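Examination of the molecular architecture
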Amino acid sequence: MNKAITSFLMDHAGRNPVSFHMPGHKGSRIYRENGYGDFLDMIMDCDITEIPGADNLFQTEGIIAETMKKYQRLYGVKKSYLLVNGSSGGLIAAILACVKPGGKIILARNCHKSIFNALSLASIEPVYAYPQEAEGYGILGEISSAEIARCMDANPDADAVILPSPNYYGICSDIKSIAEEVHCRGKILIVDQAHGAHLKFFEKHAADKGFPKSAEKQGADIVINSTHKTLASFTQSALLNVVSDRVNQFILEDKLQTMESSSPSYPMMATLDINADLLETTGGKLIKDWAENLDSFYKEAKKIPGLSLIEMENFDRTKLNIDMSAYGLGGNELEEKLMKEGIFIELVTGNIVMCMSGIGNVRSDYEKLLSALKKIDEERQDFIAGRVSLRPEKQPKALTKVLEQREIPKEKEFVQLSEAAGRVCASSLIPYPPGIPIACPGEVIDEDVIEYIKKSRKADEKVIGLTSDNTVCVGKQ
Ligand SMILES: Cc1ncc(COP(=O)(O)O)c(C=O)c1O
């Protein structure tokens, strides 16, 4: 029997890998140890449809409404919607609900690809707000409230503002100041908190640990959270929180049912229910343990002489961004070394390896990561003695500078990537992960973009939009 996917998954799980990637539950242990093992044993039998008593995701009045209420309480919001199509579906629905067809939205240029997809669905015109570069790290940083205000003043007809916070690396923007700028102009603020579903609970249970506050607390109108990325629900489950009265819930609900499957998975929704239950009952202990494990990891990791870790103001420390370039190791090589020790990570950018911790990580996971990092130090003492330092690689300029923009091409053709400089992009080019388009439709592709894509492919990274023949879709000349 050919069981390609199944065999891969079972072989991988059978090796007991250490997960520092999504999802946040990190395997069955957290369910079994907290009293949800019976559910796992019966999961296939729980895969049902909307039979009597099972409620309906798109007209909630029973068991699903109860879970929504739990989240409403947990996040302290007006309404919390369960999502079965990831944050992606929630982000698209939120945009379609807040921006009129053919209207304008102000969006951070480093938004996730799902947000760009929403634009094409309703012919919405984007106005890009550019993130700053995180000084000294070569990665994208926060989006300032001044940049948002500048975009809004230049585009008073824009209906809403959307940005990611935290970004993929854990860097947060000052949502409170941004919300003030947005609200004093009478507009709506949508925050893509896909990477920060846990922040609300650090706010509650680890207030002394210096984590950024949740966007719900800081005045955003709609906040979308991928509970699957850092908390304990299954991959693809997420939440959309409505925080203010500025949002028309009737329209939002209509857009949510447009964007999601009409056969939502009950096992997946059950894991959202379990995640809420876990947070309500043992959440305090789990979050405190998580914060302590992180403290101890950062303290010990900092003792390794050639290791750098990102730490800054308004930063979510659950993302462990590790740079060991002082040992002559680029990010891909470091990832390779960690994999040999059975440790799987989330993302490489230049020399930085991002290890994504989650609620399901236990102390021994952090210890295994530390001992793998210490082993590198021991093996490469000579290197650090010589202080051979590779500078962090730059993010593509396309994300921090304005690429020339033209009308989105109506007629298209495919050309070789190496010949695409100066041509107008007709279909987004998206390195994955992190899923941020490096060129969007209407932007003029330049040499910088081409070089970045070539380098990503050389490092075996995926680039959505690049064909297997190395061609890209551009406007016809
Ligand atoms: C910043 C950001 N927003 C949104 C998403 C989409 O989230 P989901 O995978 O839950 O659809 C991602 C996915 O990685 C992301 O990185």
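Residues numbered from 1 in each chain as written. Predicted model: local features only at pLDDT ≥ 70, side-chain atom pairs only at ≥ 80, totals over all residues. Heavy atoms only, no water.

**As for the environment of Tyr 75**
Within the element layout of this structure, Tyr 75 appears in helix 4 (residues 63-75). Take Tyr 75: its relative accessible area is 1%, and that puts it in the buried class. Expressed as a C-alpha distance, the spacing of Tyr 75 and Val 243, which sit 168 residues apart in the sequence, is 9.2 Å. Residues within four places of Tyr 75 in sequence aside, it is in contact with Ala 197, Lys 200, Phe 201, Glu 216, Asn 225, Thr 227, Leu 231, Leu 239 and Asn 241. Separated by 2.8 Å, the side chain of Tyr 75 and the backbone oxygen of Ala 197 make a polar contact. (Helix = DSSP H or I, 4+ residues; strand = E, 2+ residues; numbered from the N terminus. Buried < 20%, exposed > 50% of the residue type's maximum accessible area, 1.4 Å probe, protein only. Contact = heavy atoms within 4.5 Å. Polar contact = N/O pair within 3.5 Å; in protein donor to acceptor, adjacent residues only side chain to side chain.)

**Some details on the packing of helix 4 against helix 12 (residues 266-281)**
Running from N to C, helix 4 and helix 12 cross one another at 35°; their axes reach a closest spacing of 10 Å. Crossing of helix 4 against helix 12: the hand is left-handed. Where helix 4 approaches helix 12, its residues Ile 64, Thr 67, Lys 70, Tyr 71, Arg 73 and Leu 74 are matched on the opposing element by Tyr 266, Met 269, Leu 272, Asp 273, Asn 275, Ala 276, Asp 277, Leu 279 and Glu 280. In terms of residue class, the contact of helix 4 with helix 12 is made up of 8 nonpolar, 2 polar and 5 charged. (Axes fitted to C-alpha atoms, helices over the stretch in contact; angles between N-to-C directions. Left-handed = near helix turned anticlockwise from the far one by under 90°. Nonpolar A, V, L, I, M, F, W, Y, C, P; charged D, E, K, R; others polar.)

**Structural notes on the packing of aromatic side chains**
Under the counting rule described, the total for this entry stands at 11 aromatic pairs. With a centroid separation of 6.4 Å and 35° between ring planes, the pair formed by Tyr 71 and Tyr 75 is classed as tilted. Within this pair, Tyr 71 and its partner Tyr 75 are both found in helix 4, separated by 4 residues, close to a single helical turn. Tyr 75 shares its class with Tyr 71; the two are buried. Stacked on the ring of Tyr 128, the Lys or Arg Arg 109 has its end atom at 5.4 Å from the ring centre. Lying over the aromatic face of Tyr 298, Arg 317 brings its terminal NZ or CZ to 4.1 Å of the ring centre. (Phe/Tyr/Trp six-rings, centres within 6.5 Å; stacked < 30°, edge-to-face > 60°. Lys NZ or Arg CZ within 6 Å of the ring centre and 35° of its normal.)

**So, the domain arrangement of the protein**
Assigned domains of the protein: these are domain 1 (39-281), domain 2 (284-386) and domain 3 (397-475). The C-alpha centroid of domain 3 is placed 27 Å from the C-alpha centroid of domain 1. Every contact between the two is made by 11 residues of domain 1 and, on the other side, 19 residues of domain 3. Contact with domain 3 buries area across many residues of domain 1, yet Arg 109, Lys 113 and Tyr 130 alone supply 45% of it, more than any other trio. At the boundary of domain 1 and domain 3, one finds 1 salt bridge. (Domains from an automatic or database assignment. Buried area = accessible area lost by both parts, 1.4 Å probe. Salt bridge = Lys/Arg side-chain N within 4 Å of Asp/Glu carboxyl O.)

**So, the sheet that holds strand 15 (residues 352-356)**
Taking strand neighbours across the sheet as the criterion, the 4 strands line up as 11-12-15-14 in an open arrangement whose pairing is antiparallel. Both outer strands of the open sheet, strand 11 (308-309) and strand 14 (347-349), are each paired with one neighbouring strand and no more. By the bridge criterion, 3 bridges tie strand 14 to strand 15 in an arrangement that is antiparallel. Residue Thr 349 lies in a different strand from strand 15, and its bridge partner there is Ile 352. Lying over the sheet, helix 13 (residues 283-301) contacts strand 11 and strand 12 (319-323), oriented at roughly 10° with respect to strand 12. (Pairing = 2+ DSSP bridges.)

**Here's the deal with the nonpolar core**
Membership of the largest hydrophobic core comes to 133 residues, with the highest contact counts inside it found for Leu 189, Leu 240, Phe 297, Leu 320, Ile 322, Leu 369 and Leu 373. Residues in contact with Ile 322, not counting those within four places in the same chain, are Phe 297, Leu 307, Ser 308, Leu 309, Leu 334, Asn 351, Ile 352, Val 353, Cys 355, Leu 369 and Leu 373. Core analysis: the next-biggest nonpolar cluster, separate from the first, contains 16 residues, Ala 420, Ile 445, Ile 453 and Val 472 among them. (Core = buried A, V, L, I, M, F, W, Y, C linked by side-chain atoms within 4.5 Å.)

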